[in-house]
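# Examination of the molecular architecture
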Amino acid sequence: ILSFSLFIFVNENFITHDSSHYMSIARNLHNGKGFITRSVALIPLRPEKIPYPDHTHPPFYSIILFIPYSLFGINVYSASIVNIFLSSFIAPLTFLLAIKVFDSKNLALLAAALVTFDWILIKNKGFILTQLPYALFTLLFFILLYKAKNWFHYISLGVIIGLAYLTRYQAIYLFFPIFLLYE
């Protein structure tokens, strides 16, 4: 409820260079032009022509933005709804992970409350960036890692790592806990 109540505060001030890049690709996907961008990022070799196929940013977030663009039209509010919706799952998933790790309902409630009222997370819910979807995938990864017992769990871990990596390239570091636990 807190996440959706922040929707009224979203405006164009929440757009950064990366935000405009992801939104540009999502707009081009929506318009049937493919996975291209007009945003010139700080890349060593400038593209020969604009628009150009994007290879500098992970693709999954732009694909996620394509969905509300198709439903609600191309605007800042359509793009913002993605992070607001996905971030609403972070506190319950934190609770589930904490209950598995600590085996204490009180500590799990405290962890969920800390995440719910963390001012950095609250502030970032309005930004059109990949941090919150990545946090969601990371939480799902650790919940599944903690209970992985059969092949379905391991396949699910692979899918979650894949989605996290396609959202933020830092997800490559999620492989290290697997190597440490399952050598």
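Numbering of residues starts from 1 in every chain and runs along the sequence as written. Where totals are concerned, whole chains, interfaces and linings use all residues; where local detail is concerned, this predicted model gives features only for residues with pLDDT of at least 70, and gives and counts side-chain atom pairs only at 80 or more. Side-chain descriptors were evaluated using all non-hydrogen atoms of the structure, hydrogens and water having been removed beforehand.

Note on conventions: DSSP H or I runs of at least 4 residues are helices, E runs of at least 2 residues are strands, and numbering of each starts at the N terminus. What the chain contains, in helices and strands, is 10 helices and two strands. Counting over 183 residues, the chain shows a buried share of 42%. Contact between two residues is taken to exist if any of their heavy atoms lie within 4.5 Å; hydrogens are not considered. Taking the contacts inside the chain whose residues are at least 6 apart along the sequence as the reference set, 64% of them involve residues at least 24 apart. About 10,600 Å² of surface is accessible on the chain, with carbon and sulfur atoms providing 70% of the total. The buried label applies to any residue whose accessible area, calculated with a 1.4 Å probe on protein chains only, is under 20% of its type's maximum; exposed applies above 50%, and partly exposed to all values in between. Per-residue and other accessible areas were derived by the Shrake-Rupley procedure at a 1.4 Å probe size, with only the shown protein chains allowed to occlude residues.

Attention now goes to helix α3 (residues 60–72). The α-helix advances 3.6 residues per turn, and as a result positions three or four apart in sequence lie on the same side. Helix span is expected to be 1.5 Å times the residue number reduced by one. Taking 1.5 Å per residue, 13 residues should reach 18 Å; α3 reaches 19 Å between its end C-alpha atoms and fits that length. Buried within α3 we find Y61, S62, I64, L65, P68 and Y69. Seen end-on, α3 carries its buried residues on one side only, within an arc spanning 155 degrees. Contact partners of the buried residues in α3: α2 (17–30), α4 (76–87), α8 (131–147) and α9 (151–167). Residue G73 follows α3 closely and has a positive phi angle near 95 degrees. Read the arc as the range of directions from the helix axis to the C-beta atoms.

We call a set of buried residues a nonpolar core when its members are Ala, Val, Leu, Ile, Met, Phe, Trp, Tyr or Cys and they connect through side-chain atoms within 4.5 Å of each other. Of all hydrophobic cores here, the largest spans 21 residues; its most connected members are M23, Y61, L65, A79, V82, I90 and I128. Only α2, α3, α4, α5 (90–102) and α8 provide two or more residues apiece to this core. Counting residues in each nonpolar core, the second largest holds 13 residues, with F141, L144, A164 and I178 among its members.

Time to look at unusual backbone geometry. In this structure, D103 is a non-glycine residue whose phi angle is positive, near 55 degrees. Note on placement: D103 falls in the loop between α5 and α6 (105–116). A residue is classified by how much of its surface remains accessible, and D103, at 70% relative accessible area, is exposed.

Here the focus is the side chain of H57. You can see H57 is positioned in the loop between β2 (52–53) and α3. Under the rule applied, a polar contact is a pair of N or O atoms within 3.5 Å (in protein, one hydrogen donor and one hydrogen acceptor; residues adjacent in sequence only if both atoms are side-chain atoms). Of note is the side chain of H57, whose polar atom sits 3.1 Å from the side chain of D18. A polar side-chain atom of H57 sits 3.0 Å from a polar atom in the side chain of H21. Discounting chain neighbours no more than four positions away, the residues touching H57 are D18, H21, Y22 and Y169.

Limitation: the analysis is restricted to geometry and does not speak to function.
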